[in-house]
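Report on the structure
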Amino acid sequence: QVQLVESGGGSVQPGGSLRLSCAASGFSFSTFAMSWYRRVRGKEREWVAGISSTGAHTKYADATEGRFTISRDNAKNMVYLQMNSLKPEDTAVYYCITGYSQPLNKDWGQGTQVDVST
């Protein structure tokens, strides 16, 4: 049973930073690429960033490249998203999922809310 538990969200002012965490269990974590998605209110989920199974390769959406950093710790079954220079348009619920640039399953967790506002 795949479980993905996101945490670390919160409220922050524009220009601030947050670090999101994703705790994974129920599958062979180190053999899967992982990614972060987000869903803005009233819109579909959009891909944010992906990381290969070893962490050797990463890729980012145009809107976040240069500000966000995805990383992983395979010994701890954890994926992270460091978010810097946050903008109001980053406000969304953030989710982690297996896959590099598209989800490989539908075992979405609860997500974690990020609010960027004054």
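Structure report, in brief. (Residues numbered from 1 in each chain as written. Predicted model: local features only at pLDDT ≥ 70, side-chain atom pairs only at ≥ 80, totals over all residues. Heavy atoms only, no water.)

1. Focus: the overall build of the protein chain
When helices and strands are tallied, the protein chain shows 0 helices and 10 strands. From first element to last, N terminus to C terminus, the protein chain shows the α and β order β-β-β-β-β-β-β-β-β-β. Radius of gyration (C-alpha) of the protein chain: 13 Å, near the 13 Å computed for a compact globule of 118 residues. Each of the three principal axes of the protein chain carries a C-alpha extent, and together these read 40 × 25 × 20 Å. Looking at the 118 residues of the protein chain, the share that counts as buried comes to 42%. For the protein chain, long-range pairs separated by at least 24 residues make up 54% of all intrachain contacts whose partners lie at least 6 apart in sequence. As presented, the protein chain carries roughly 6,300 Å² of accessible surface, and 45% of it is formed by carbon and sulfur atoms. Positive and negative side-chain charges in the protein chain, numbering 12 and 10 respectively, have mean positions lying 2 Å apart. (Helix = DSSP H or I, 4+ residues; strand = E, 2+ residues; numbered from the N terminus. Rg over C-alpha atoms; globule rule 2.2 N^0.38 Å. Buried < 20%, exposed > 50% of the residue type's maximum accessible area, 1.4 Å probe, protein only. Contact = heavy atoms within 4.5 Å. Areas by Shrake-Rupley, 256 points an atom, 1.4 Å probe, with all protein chains shown as cover. Lys, Arg positive; Asp, Glu negative; His and termini not counted. Charge placed at Lys NZ, Arg CZ, Asp CG, Glu CD.)

2. Looking at the nonpolar core
Formed by 27 residues in total, the largest nonpolar core has its most connected members in Leu4, Trp36, Phe68, Ile70, Leu81, Met83 and Tyr94. Mapped by element, the contributors of at least two residues to this core are strand 3 (18–25), strand 4 (34–39), strand 5 (45–51), strand 7 (68–73), strand 8 (78–83), strand 9 (92–98) and strand 10 (112–116). (Core = buried A, V, L, I, M, F, W, Y, C linked by side-chain atoms within 4.5 Å.)

3. Remarks on the sheet that holds strand 4
Spatially, 2-10-9-4-5-6 is the arrangement adopted by the 6 strands of the open sheet, whose pairing is mixed. Across the chains shown, the open sheet's two edge strands, defined by having one partner strand only, are strand 2 (10–12) and strand 6 (58–60). This sheet shows a mean twist of 25 degrees between the axes of neighbouring strands, independent of strand direction. Note that strand 5 and strand 6 share 3 bridges and pair antiparallel. The partner of Ala49 across the bridge, within strand 6, is Tyr60. (Pairing = 2+ DSSP bridges. Axes fitted to C-alpha atoms, helices over the stretch in contact; angles between N-to-C directions.)

4. What about the environment of Ser21?
Within the element layout of this structure, Ser21 appears in strand 3. With 90 residues separating them in the primary sequence, Ser21 and Gly111 have C-alpha atoms 10 Å apart. For Ser21, the contacting residues outside a window of four places in its chain are Val5, Glu6, Ser7, Trp36, Met78, Val79 and Tyr80.

5. Describing the pattern of salt bridges
Overall, the coordinates contain 3 salt bridges when judged by the stated rule. Glu46 is the salt-bridge partner of Arg38, the closest N and O atoms lying 2.7 Å from each other. A relative accessible area of 5% places Arg38 in the buried class. Since its relative accessible area comes to 34%, Glu46 is described here as partly exposed. Here Arg38 and Asp90 are joined by a salt bridge, their closest N and O atoms 2.9 Å apart. One end of the pair, Arg38, is in strand 4; the other, Asp90, is in the loop between strand 8 and strand 9, and 52 residues separate them in sequence. Beyond isolated ion pairs, a larger network of salt bridges with shared partners links Arg38, Glu46, Arg67 and Asp90. (Salt bridge = Lys/Arg side-chain N within 4 Å of Asp/Glu carboxyl O.)

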